[in-house]
Amino acid sequence: MFEVSGLRAGYDRLEVLHGVGLRVGRGELVALLGSNGAGKTTLLRTVSGLIRPGAGTVTLDGADLTGLPAEKVAAAGLAHVPENRLVFPSLSVADNLRLGAWTRRRHASDDVGRMLELFPRLAQRLDQPAGTMSGGEQQMLAIARGLMARPKVLVLDEPSLGLAPKVIADIFAALAALREELTILLVEQNAHAAFKVANRVYVMDRGEIVTEGEPSALKDDPRTRAAYFGGIA
Amino acid sequence: MRRSDLIGLGVFLLLIVLFPLLGSTALVNTGVYALIYAIPAIGLTLLMGLAGQVSLGHAAFFAIGAYTQAILVTRYGLPMPVAAVAAIALAALAALLIGLPLLRLRGHFLALATLGLGIIVTIVANEWEFTGSTSGIFGIPKPAFGGRTYDSPAEYFWLLAPVVVIALVLAQGVVRSRVGRALGAVNDSEVAAEALGVDTYRLRLQVFVVSAGFAGLGGVFYAHWLGVVSPGAANFPLSVEFLLISVLGGLGTVWGALVGAFAVEFLDEAMRQFIPLVIPGAAGEVQLIGFGLVLVLVVALLPGGIHQAFTKLLRRTPAPGGEGGTAGALAPRRHPARGSALLEVRGLTKRFGGVVAVDDVSLDVRAGEIVALIGPNGAGKTTCFNMISGVLEPTAGTVEVAGTRTDGRRPNVFARAGATRTFQNLQVFRSASVLGNVKVGRHLRSGAGLVGGALGLPARKEERAVTEAALGALSAVGLAEHADRPAADLPFGSQRLMEVARALALEPDLLLLDEPMAGLSGAERQGLADLLRGLRAEGMAIVLVEHDVAAVLALADRVAVLDDGRLIAFGPPQEVRENPAVIAAYLGEEESDVRG
Amino acid sequence: MTDLIQFVVAGLAQGGAYALIAIGFVSIFTVSGVINLAQGEFAALAGLTGVSAIGAGLPLPIALAVAIVVVVAVSVATERLAIRPVKKMTTLTSIILTLGVSTVIKAAMLLIWGPQGHTMPAFTAGDLNLGGVSIRGQELWILATCALVGGAVWWFYERTLLGKALRACAEQPVAARLVGISPKNATMLAFVVAGVTGAVAGVVTSPVYSSAWDYGLTLGLKGFVAATLGGLLSIRGAIAGGLLLGVLENLVAGYVATGLRDAVAFVVLIVLLLARPGGLAKHAEARV
């Protein structure tokens, strides 16, 4: 089980997270929603060790991950699929996948096949440099790379960002399939897509969690709309 | 001139007078070398401190100066000062030729090229008969003025010291000048300085040329002191020594070069004496170990050099209120006629690898209106801004500001066309005060060049006007009382407002604001919104990217909505608010919603 | 014609050494952004260590191994003691810093081996004579060794997961950390690679060019030039740049004037920087 409590963090003189707490149970898919600038990406960067928190804790299955550098957090079983995908552009798709399994490289990695089942479009591109693929394919690769580590928890930052609806549908279908065996924390702008797949939803606004609950309960909650759409609708 | 300079000058003058009287001949001799080497080191300090570039071949410029001086004096019988002017000019010319193409590039390129130049100059000096091949040029007379020959170490020291003082004062003038301020800003944030109209390339080139001129001047005095110039004057180890002097003294101030020169020369001398006692039979060059270690230790442990360590010990804080000037509100300014087109964007497109970030966006902004650019995360808003302001080159499409094509040029071209921008991620000039930040915004509204700045006097009146205008911009955002605080100490919201003031100081016709409200308190938001309305009333055109959609709809005359890189709506707020495609973009695509 | 072939072969041999040094520059720069100006000193140190090891009666392969171990140790120590402690490393800082390191190494060599040059005996006696073209045996050794080591490094980066992890670090440092690759270990490994290639270059060239405390400066600078010719980001570019430079130098020395040999590299460098700052290779923006 993955738990964050009282997390404060930010950049330089700006505190972005003002004491954020959330938990994701084993096998759960939890979506974290909120408008731009709410602090979702900062939260993910902090839990995965790219930013050192000022206060608070991050635990995974009872192990304290707070303040560990990103590479140690990855080794502890948290895979972070970053915003903007960040695939290794000159390396082939297959190599990107193999490097995804870096933390358990001593055990032979036969998961590549599984990833190709999940994202069949990657199969034709296995030997192609990842940087030459389309945005949607790169996103699939980034998710697959994260899964290669067989993480205890998978943290996804806006997997639908800048992608065509058809591709988003494919990616969410894959996430739905993964839900059975994985613990997933999903940051998403695309509210409808997130509401469909999530077990539970947290809504974040200006560095704080403002509400939490089942998608069906939150979908029409005015607080969700207010936080999320900044009053547009 | 500041108090610290006066103290430094006083101490230094005392040393000049006393040192040759009290020191032994050998000691004074070392002092003479320290003074000679201090001059190129001052140049190097300017280059590294202001231009953020390093020269690994400064000895090449030093040697060019020395050889020119030697040849002109011994073969053509020119008087020393006349030859010196030519020597300095030639060294500066060499730098101009190298810097012209190379300073457009970043990082290690200049270091590499100057390194190469050093070696080429050594080789040429060795091979060329004109320069006397390996034996060099000898018979250079000791200088004589007014019937007095400066031939002993003490005499030469007294001749040289005033020259070094003048060099230091000139260099200090450059640092304090408009050019120095702009380059200091470039070192903190190049993109922000460019957006305020600072032509980084041009200024860096100027500093590099001046820096080589200093090296040439050092070469002149070297030639006269030694009486002979040989290819060793361009040697790599000498370049390293100059570098060591600069780094050890500290890059924060030109005085560091002088401190460093004495430290290094006496260290060198001490090791020459001391090491053979400890390690019998050790060769003379063993002091290299010391140099190397000192270099590593200084960079690793004392990045500010001796001078900064010393200043830290004294713990002086900048005197508040030191910069005069009266704060008035920003004077209203004439903008182009309301409604005339200021910004025209046509077919703007950006691809990154296989990803299309911005897809065929066209829009125009007129004088006296506020246009908001909104859209979900990743829609391409900031990429659009970056292309419009010249930070990014578009894959396709054009940008015109008041009729001038600016796409694909540097941001300073955008600024020169009368437009500027702020940044989503703050780009504060951290090493400057709040006022210092805003003064950079006046860069294009003032004109003192490098030479004027070095001489100090002509720029003084202009400087007062700059300060006044900067204070006006600061009081417009309500930060006037924080003018003398270090910018890095301000809270986040105030830093954002300071960046707005910095942009306003430019008096732009077109202002691009990237998320100006983020991180501001409620009252600050309100104040900023009022300010923007006031500027609109004066006829300024404002484009803002903002996440707070409610705030945007209340403020903007027209709203442009980007989704997935495409412009899906552009019109008055009311129209956009009800546009189903916009709602779908924000909520996420869902068939029933869109069709229903 | 005979002359030409001889010049080219000698140039390739010398260029092989430049290529190995250049590989060191590239492997460190891509991962850490550090320009290691002590790279040439690694080679000089290896040559001198090799000479001493042979002098102590060790067989050549063991002497080579000793030299590699010593240089890798120095290289790793450089990373640990000089590079790692600096919090905010810029290219400018790294240049000044490694200049300091190179000076320390140089002076240490001067202390231990003295100012005079030391020459290792040729690996095998005799020269090769093919239809009037006489080629020094050692030059063939240099060529063969450089091909072997260059190939091995290329194989390491292109075919092994560890090598690809280093490339990942260079291309996308954040994503590399997120999959668990430690940037510290990667930098360390890059210094090991640079140590090995520098050491091999120093040992194989010692019989021809002899080794001395100040031998590293020009060799290092030329390796740097070779790396820049290749764009500073690609191993293949570094190898090509090294060979090209070596051949060019020998042609100029042979046909124009011996004294101009050392100027070639830097004239080429300046011309290249003026014309194509991204290097001869195409992907100038491989690391954004």
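That block above? That's the structure.
Predicted model, so just to flag it, every value in this text is computed and none were measured.

**Q** Tell me what's going on with the overall build of chain A, and back it up with residues and numbers.
**A** If you tally the helices and strands in chain A, you get 10 helices and 10 strands. In summary, chain A has a C-alpha radius of gyration of 17 Å against a globular reference of 17 Å for 233 residues, a match within 12%. Dimensions of chain A, computed from the C-alpha atoms along their principal axes, are close to 45 × 35 × 35 Å. Here chain A, with 233 residues, has 58% of them falling under the buried criterion. When contacts within chain A are restricted to residue pairs at least 6 apart in sequence, those whose partners lie at least 24 apart make up 67%. Counting 27 positive and 26 negative side-chain charges, chain A places the centres of these two groups 2 Å from one another.

**Q** Give a description of the overall build of chain C that names residues and reports values.
**A** When helices and strands are counted, chain C shows 11 helices and 2 strands. The linear arrangement of helices and strands in chain C, starting from the amino end, is α-α-α-α-β-β-α-α-α-α-α-α-α. The globule rule puts the C-alpha radius of gyration for 288 residues at 19 Å, and the 18 Å found for chain C is close to it. Taking the principal axes of the C-alpha coordinates as reference, chain C spans close to 60 × 45 × 35 Å. The buried share among the 288 residues of chain C stands at 58%. When contacts within chain C are restricted to residue pairs at least 6 apart in sequence, long-range pairs at least 24 apart make up 76% of them. Total accessible area computed for chain C in this model is approximately 10,700 Å², and 67% of it derives from carbon and sulfur atoms. Of the side-chain charges in chain C, 17 are positive and 11 negative, and the distance between the mean point of each set is 13 Å.

**Q** Talk me through the packing of helix α3 (residues 58–74) of chain B against helix α9 (residues 200–226) of chain B; I want residue IDs and the actual numbers.
**A** All names here are of chain B. At a minimum axis distance of 7 Å, the contact between α3 and α9 shows a crossing angle of 50°. By the angle class used here, α3 and α9 are oblique. Note that α3 runs across α9; the crossing there is right-handed. Contact residues: α3 offers H58, F61, F62, G65, A66, Q69 and V73, while α9 offers F208, S211, A212, A215, G216, G218, G219, V220, Y222, A223 and H224. Of the residues in the contact of α3 with α9, the class split is 10 nonpolar, 8 polar and no charged.

**Q** Kindly report on unusual backbone geometry, identifying the contributing residues and their values.
**A** Positive phi outside glycine occurs at A:R206, with the angle close to 45°. Mapped onto the secondary structure, A:R206 falls in the loop between β9 (200–205) and β10 (208–213). Phi angles above zero are rare outside glycine, and B:E507 is one such case at about 55°. With respect to the helices and strands, B:E507 occurs in the loop between α19 (492–505) and β11 (510–514).

**Q** Help me get a handle on helix α4 (residues 80–102) of chain B, residues and values and all.
**A** Taking 1.5 Å per residue, 23 residues should reach 33 Å; α4(B) reaches 33 Å between its end C-alpha atoms and fits that length. What α4(B) keeps buried is the set B:M80, B:A83, B:A84, B:A87, B:A91, B:A92, B:A94, B:A95, B:I98, B:G99 and B:L102. Tucked into the core, α4(B) has its buried residues touching α3, α5 (109–127), β2 (144–145) and α9 of chain B together with α11 (261–275) of chain C.

**Q** Any details on the side chain of B:N412? Residues and values, ideally.
**A** Position of B:N412 among the secondary structure elements: in helix α15 (residues 411–416). Apart from the residues within four sequence positions on either side, B:N412 is in contact with B:E194, B:G197, B:V198 and B:D199.

**Q** I'd love a proper account of the layout of surface pockets, names of residues and values included.
**A** Approximately 1,300 Å³ is the volume found for the second largest pocket. Forming the boundary of the second largest pocket are 46 residues, of which B:G232, B:N235, B:P237, B:L238 and B:E241 lie nearest the centre. Those elements that place two or more of their residues in the lining of the second largest pocket are α2 (25–51), α5, α9, α10 (236–249), α11 (255–278) and α12 (287–301) of chain B together with α4 (91–113) and α9 (215–229) of chain C. For the lining of the second largest pocket, the element with the highest residue contribution is α5(B), accounting for 6 residues. Class assignment of the residues belonging to the lining of the second largest pocket gives a composition of 20 nonpolar, 15 polar and 11 charged.

**Q** So, the sheet that holds β11(B): which residues are in play, and what are the values?
**A** All names here are of chain B. An order of β10-β11-β12-β7-β13-β14 is seen for the 6 strands of this open sheet, with the pairing classed as mixed. Strands with a single pairing partner mark the edges of an open sheet, and in this sheet they are β10 (419–421) and β14 (566–571). The sheet shows a mean angle of 15° between the axes of neighbouring strands, taken without regard to direction. Bridging between β10 and β11 involves 3 bridges; their strand directions are parallel. Following the sheet pairing, R421 is matched in β11 by L512. Helix-sheet contacts for helix α14 (residues 381–388) involve β7 (370–374), β10, β11, β12 (541–545) and β13 (558–563), and the interaxial angle to β11 is about 150°.

**Q** Describe the pairing of β11(B), with residues and values.
**A** Residues and elements named next belong to chain B. In terms of burial, β11 is largely enclosed, as 5 of its 5 residues are buried. On β11, burial covers both faces: L510, L512 and D514 on one face and L511 and L513 on the other are all buried. Pairing geometry for β11 and β12, over 5 bridges, is parallel. Looking at the pairing, L513 lines up with L544 of β12. Viewed along the sheet, the connection from β11 through helix α20 (residues 522–538) into β12 turns out right-handed.

**Q** Can you explain the interface of chain C and chain B? Please cite residues and give values.
**A** Taken residue by residue, the interface counts 37 residues in chain C and 39 residues in chain B. Counting the surface lost from both chain C and chain B, the interface buries some 3,200 Å², and carbon and sulfur atoms represent 92% of this. Seen at the junction of chain C and chain B, the total is 0 salt bridges. Linking chain C with chain B are 0 residue pairs in polar contact (both at pLDDT 80 or more). At the level of secondary structure, the elements contributing two or more residues to the side of chain C that touches chain B comprise α4, α9 and α11 of chain C. If you tally residues by element for the side of chain C that touches chain B, the top one is α4(C), at 15 residues.

**Q** Now, about the sheet that holds β9(A): what can you tell me, with residues and values included?
**A** Residue and element names in this part refer to chain A. Overall, mixed pairing links the 6 strands, which are arranged β6-β7-β8-β3-β9-β10 in an open sheet. Because the sheet does not close on itself, it has two edges, and the strands there are β6 (78–81) and β10. Averaged over all pairs of adjacent strands, the angle between their axes in this sheet comes to 20°, without regard to strand direction. With 4 bridges connecting them, strand β3 (residues 29–33) and strand β8 (residues 183–187) associate as parallel partners.

**Q** I'd like a rundown of the pairing of β7(B), residues and numbers included.
**A** The two faces of the sheet receive side chains in turn, since in a regular strand these alternate between them. All names here are of chain B. For β7, the tally of buried residues reaches 5 of 5 residues, placing the bulk of the element in the interior. On β7, burial covers both faces: I370, A372 and I374 on one face and V371 and L373 on the other are all buried. In the sheet, β7 pairs with β12 via 4 bridges, with the strands oriented parallel. Its bridge partner lying in β12, I370 is registered against I542. As judged from the 4 bridges shared by β7 and β13, these two strands associate in the parallel manner. Residue pairing for β13: A372 is matched across the bridge by V559.

**Q** Tell me about the environment of C:G254, and please be specific about residues and values.
**A** All names here are of chain C. Relative to the helices and strands, G254 resides in helix α10 (residues 235–255). Judged by its relative accessible area of 36%, G254 falls in the partly exposed class. On a C-alpha basis, the gap between G254 and V204 in space is 23 Å, while along the polypeptide they are 50 residues apart.

**Q** Give me the nonpolar core: which residues, what numbers.
**A** Residue and element names in this part refer to chain B. In this structure, I36, L56 and F221 are the most contacted members of the largest nonpolar core, which totals 211 residues. Here the element with the most residues in this core is α2; it accounts for 16 residues. Among residues more than four places away in sequence, those in contact with F221 are I36, I39, M80, Y156, L159, L160 and V163. Grouped together as the second largest cluster of nonpolar side chains are 48 residues, L426, L435, L479 and I542 included.

**Q** Account for the packing of aromatic side chains, with residues named and values stated.
**A** All names here are of chain B. Under the definition given, this model contains 18 aromatic pairs over all chains. Relative to F62, the ring of Y37 has its centre 6.1 Å away and its plane inclined at 70°; by these criteria the two rings are edge-to-face. Here F62 lies in helix α3 and Y37 lies in helix α2, a separation of 25 residues in the sequence. By the burial criterion, Y37 is buried, and F62 matches it. On the basis of an interplanar angle of 55° and a centroid distance of 6.4 Å, the ring pair of F145 and Y150 is categorised as tilted.

Criteria and thresholds
Residues numbered from 1 in each chain as written. Chains lettered and ligands numbered in written order. Predicted model: local features only at pLDDT ≥ 70, side-chain atom pairs only at ≥ 80, totals over all residues. Heavy atoms only, no water. Helix = DSSP H or I, 4+ residues; strand = E, 2+ residues; numbered from the N terminus. Rg over C-alpha atoms; globule rule 2.2 N^0.38 Å. Buried < 20%, exposed > 50% of the residue type's maximum accessible area, 1.4 Å probe, protein only. Contact = heavy atoms within 4.5 Å. Lys, Arg positive; Asp, Glu negative; His and termini not counted. Charge placed at Lys NZ, Arg CZ, Asp CG, Glu CD. Areas by Shrake-Rupley, 256 points an atom, 1.4 Å probe, with all protein chains shown as cover. Axes fitted to C-alpha atoms, helices over the stretch in contact; angles between N-to-C directions. Parallel < 35°, antiparallel > 145°, perpendicular 65-115°, else oblique. Left-handed = near helix turned anticlockwise from the far one by under 90°. Nonpolar A, V, L, I, M, F, W, Y, C, P; charged D, E, K, R; others polar. Expected span 1.5 Å × (residues − 1). 1 Å grid on protein atoms, 1.4 Å probe; cavity = no way out; pocket = protein on both sides within 12 Å on 5 of 7 lines; lining within 4 Å. Points joined across faces, edges and corners; volume = space filled by probe spheres on them. Pairing = 2+ DSSP bridges. Right-handed = clockwise from strand over helix to strand, strands pointing away. Buried area = accessible area lost by both parts, 1.4 Å probe. Salt bridge = Lys/Arg side-chain N within 4 Å of Asp/Glu carboxyl O. Polar contact = N/O pair within 3.5 Å; in protein donor to acceptor, adjacent residues only side chain to side chain. Core = buried A, V, L, I, M, F, W, Y, C linked by side-chain atoms within 4.5 Å. Phe/Tyr/Trp six-rings, centres within 6.5 Å; stacked < 30°, edge-to-face > 60°.

Bear in mind that shape data such as this cannot, by itself, settle questions of function.
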